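Commentary on secondary and tertiary structure
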Amino acid sequence: MKLEKQDPQLAKLMELEEERQRTALEMIPSENHSSSSVREVLGSVLTDKYAEGYPKKRYYAGLKFYDEIETLCQKRAKKLFKVPYVNVQPYSGSPANQAVYLAVLNASDTTMGMSLPHGGHLTHGWKVNFSGRLFNPVLYPVDEKTHLLDYEAVEKLAKENKPKLIWVGATAYPRVFDFKRFGQIADSIGAYLAADIAHIAGLIAGGVHPSPVDYVHIITTTTHKTLRGPRGGMIMVTEKGLKKDPELPIKIDRSVFPGLQGGPHMNQIAAIAVCLKEASTPSFKRYAALIVKNAKALAAELKKYGFNLITGGTDNHLILIDLRNKNISGKDAQELLEEAGITVNKNTIPYDTASPFNPSGIRLGTPALTTRGMKEKEMKLIALWINEVISNPKSVKRIREQVRKLTKKFPLPH
Ligand code: DSN
């Protein structure tokens, strides 16, 4: 039965959400619009099956085709990211990171990661997260003046604290990571080095951000951000990782299942396979390059309106704005912009003295707008609108109409 008839209440909510997405500008840098093929697979017959275990080593029957699907997904991930091993079963990025902890550490071991308020991720050792509660994290900051990663401080902290695992990766860092430098630091103390590339996986696949593959032992990622697939996660081991610890793949497999998860979501794994195929095409390379070009154009334009960008600009898909000179908080800016049809998110800025519920910044990015086909011309317009909304809240209604008009010219991909 059609959803509309079977559950009109839910169908209506879905219709409203689709209209919201269609008529607004999605600028949260960790979000994107997946393709019709990805959605077709997600909502397919593959939803219904249990498949605990791994290809050819399952605890359920009827899995002949699922083994092929998972193996295909693994093959595509290995080829795209140039790694000898991958686990495609983590439900998302946090479970992928949990599996890394379980694979290589014992409770209370020392770890190192970028501090959350400086751009890191919850699972890299933040105090309220399992990674901060069950382990002993040392958090590295960004430089107080430049807000760039301070590699000397990272090295000093690593030498002093001798972590067993170091994370490199972020959710709000607009610059390129020097993976080589992190590799040298981790090697000098014999630590495992894991790169969490969730935000930049699509940029790495598209060749517009350096890959960590030669310098780290483990790579984790989500699959729905710049990579533009379904929500999901992956854990990879590099050649360097295999050399350090030939047991790493088996440790990671066991940590994912049965260590942390039960049955993998096979519709999700199949949809990841589709997104990996899409991400291997020349058109995806062009897409990745355009994400960065658009972000740079947006950053340059915002600067003209006096916006204070953390680190002065961007090398990737995201921009972090310090709003203190605009006399508006991150929360108020987020709410006003949402009313105008521009979806961004409030975000802490490095060394923020305001509360994380009402921080001093906003974070915005270009992956979803670029998927809709927007280019530099539209970035200029959007920067103008952001400035109008922030400096004159009375303009919200007028800008909402202009946003609506613009989105008509750039349909969603499905
Ligand atoms: N929640 C993601 C983000 O928005 O960056 C990180 O996992």
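Everything here concerns the structure above.
In what follows, the accompanying structure is described. (Residues numbered from 1 in each chain as written. Predicted model: local features only at pLDDT ≥ 70, side-chain atom pairs only at ≥ 80, totals over all residues. Heavy atoms only, no water.)

Turning to the overall build of the protein chain, a few remarks are in order. When helices and strands are tallied, the protein chain shows 17 helices and 15 strands. Taking 22 Å as the expected radius of gyration for a compact globule of 414 residues, we find that the protein chain reaches 22 Å, a close match to that expectation. Across its three principal axes, the protein chain shows a C-alpha extent of roughly 60 × 60 × 40 Å. Put simply, the protein chain has 414 residues, and 56% of those count as buried. A separation of at least 24 residues holds for 72% of the contacts in the protein chain among residues at least 6 apart in sequence. In the structure as shown, the protein chain presents an accessible area of about 18500 Å², 53% of it carried by carbon and sulfur atoms. (Helix = DSSP H or I, 4+ residues; strand = E, 2+ residues; numbered from the N terminus. Rg over C-alpha atoms; globule rule 2.2 N^0.38 Å. Buried < 20%, exposed > 50% of the residue type's maximum accessible area, 1.4 Å probe, protein only. Contact = heavy atoms within 4.5 Å. Areas by Shrake-Rupley, 256 points an atom, 1.4 Å probe, with all protein chains shown as cover.)

Here Phe257 and Pro258 are connected by a cis peptide whose omega angle stands at 10 degrees. Relative to the helices and strands, Pro258 resides in helix H11 (residues 248-260). Positive phi values are uncommon outside glycine, yet Lys82 reaches one of about 60 degrees. Inspection of the secondary structure assignment puts Lys82 in the loop between helix H4 (64-81) and strand S4 (85-87). A residue is classified by how much of its surface remains accessible, and Lys82, at 64% relative accessible area, is exposed. We note that His147 has phi near 65 degrees; this positive angle belongs to a residue other than glycine. Checked against the element boundaries, His147 lands in the loop between strand S6 (136-140) and helix H7 (151-161).

On the surface, a nonpolar cluster with roughly 460 Å² of combined accessible area is contributed by Leu3, Leu10, Leu13, Met14 and Leu16. With four residues, the top contributor of residues to the nonpolar patch is helix H2 (residues 8-23). Mapping Leu16 onto the fold places it in helix H2. Residue class for Leu16 comes out partly exposed when judged on its relative accessible area of 42%. (Patch = residues over 30% accessible without salt bridge, like charges linked within 9 Å, V, L, I, M, F, W, Y side chains within 5 Å. Salt bridge = Lys/Arg side-chain N within 4 Å of Asp/Glu carboxyl O.)

Applying the stated criterion across every chain, the model contains 10 aromatic pairs. Summarising the aromatic geometry, the rings of Tyr151 and Phe182 are spaced 5.6 Å apart at their centres and angled 75 degrees between planes, so their arrangement reads as edge-to-face. You can see Tyr151 sitting in helix H7 and its partner Phe182 sitting in helix H8 (residues 179-189), a full 31 residues away along the chain. An aromatic cluster is built from Tyr101, Phe130, Phe135 and Trp167, whose rings are joined through pairwise contacts. A cation over an aromatic ring shows up here: Arg228 above the ring of Tyr287, its NZ or CZ 3.9 Å from the ring centre. It is Lys326 that lies over the ring of Phe307; its NZ or CZ is 4.5 Å from the centre. (Phe/Tyr/Trp six-rings, centres within 6.5 Å; stacked < 30°, edge-to-face > 60°. Lys NZ or Arg CZ within 6 Å of the ring centre and 35° of its normal.)

Looking at the ligand, the residues that line it are Ser30, His121, Thr171, His199, Lys225 and Arg363. Ser30 is positioned such that a nitrogen or oxygen atom in its side chain is 2.7 Å from an oxygen atom of the ligand. Considered on its own, the ligand offers 230 Å² of accessible surface; in the complex 64% of this is hidden by protein. (Near = heavy atom within 4 Å. Polar contact = N/O pair within 3.5 Å; in protein donor to acceptor, adjacent residues only side chain to side chain.)

This part takes up the pattern of salt bridges. With the rule as written, the count across this model stands at 18 salt bridges. Glu301 is the partner of Lys304 in a salt bridge, and the nearest nitrogen-oxygen pair spans 3.3 Å. Of the two residues, Lys304 and Glu301 both sit in helix H13 (residues 282-304), three residues apart, roughly one turn of that helix.

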